[in-house]
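# Notes for the structure review
So the chains spell out like this:
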Amino acid sequence: MHRLNLLRHYGVKPILVFDGGHLPMKNEEEIEPARSRKENPARAIEHESCGDTSAAYEYYQKAVDIPPTIAYELIPVIECISKVFN
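Nothing here was measured: the structure is a model prediction, and the numbers come from that model. (Residues numbered from 1 in each chain as written. Predicted model: local features only at pLDDT ≥ 70, side-chain atom pairs only at ≥ 80, totals over all residues. Heavy atoms only, no water.)

On inspection of all chains with the given rule, the structure shows 0 aromatic pairs. We note Lys62 situated over the ring of Tyr59; from NZ or CZ to the ring centre the distance is 5.1 Å. (Phe/Tyr/Trp six-rings, centres within 6.5 Å; stacked < 30°, edge-to-face > 60°. Lys NZ or Arg CZ within 6 Å of the ring centre and 35° of its normal.)

Bringing the pattern of salt bridges into the picture now. Following the criterion strictly, the structure yields 3 salt bridges and no others. Close ionic contact of Glu32 with Arg35 constitutes a salt bridge, the shortest N to O distance being 2.5 Å. Here Glu32 and its partner Arg35 are both found in helix α2 (residues 27-49), 3 residues apart, which amounts to about one turn of the helix. Taking relative accessible area as the criterion, Glu32 reaches 41% and is therefore assigned partly exposed. In this structure Arg35 comes out as partly exposed when scored by relative accessible area, which is 38%. (Salt bridge = Lys/Arg side-chain N within 4 Å of Asp/Glu carboxyl O. Helix = DSSP H or I, 4+ residues; strand = E, 2+ residues; numbered from the N terminus. Buried < 20%, exposed > 50% of the residue type's maximum accessible area, 1.4 Å probe, protein only.)

What follows covers the packing of α2 against helix α3 (residues 53-62). Taken N-terminus to C-terminus, the directions of α2 and α3 make an angle of 165°; their axes are 8 Å apart at the nearest point. With respect to α3, the axis of α2 lies roughly antiparallel. Crossing of α2 over α3 shows left-handed handedness. Across the interface between the two elements, Arg37, Asn40, Pro41, Arg43, Ala44, Ile45, His47 and Glu48 from α2 touch Ala55, Ala56, Tyr59, Tyr60 and Lys62 from α3. Looking at the contact of α2 with α3, its residues break down into 7 nonpolar, 2 polar and 4 charged. (Axes fitted to C-alpha atoms, helices over the stretch in contact; angles between N-to-C directions. Parallel < 35°, antiparallel > 145°, perpendicular 65-115°, else oblique. Left-handed = near helix turned anticlockwise from the far one by under 90°. Contact = heavy atoms within 4.5 Å. Nonpolar A, V, L, I, M, F, W, Y, C, P; charged D, E, K, R; others polar.)

Among the secondary structure elements, Asn40 is positioned in helix α2. Dropping the residues within four chain positions of it, Asn40 is found in contact with Tyr59, Lys62 and Ala63.

Residue-level pLDDT values for the protein average 85, and 97% of them are 70 or greater. Of all the helices and strands in the protein, helix α4 (residues 68-85) carries the lowest mean pLDDT, 81, while α3 carries the highest, 93. (pLDDT = per-residue confidence, 0-100.)

Moving on: the environment of Pro67. Checked against the element boundaries, Pro67 lands in the loop between α3 and α4. It is 26 Å that separates the C-alpha atoms of Pro67 and Val12, two residues lying 55 residues apart in sequence.

Right, here's the structure in full:
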């Protein structure tokens, strides 16, 4: 929410796209992103130990998987804020 508010503060209207839940027919397509999410924390730690905190931060962000349940909770908050600012 902090980043969304920061964008709005500077006049940028963010557009959020939420990926849906797991689809059985996309099993093969889900394997690579899942593997990357598992590998990214190790990459982040490696960059952090070398002093490259910027790259480490990016890999930590790429390691996060936001499940549909969290998105479901976030959507009403975003809708409420959108009504206040529009």
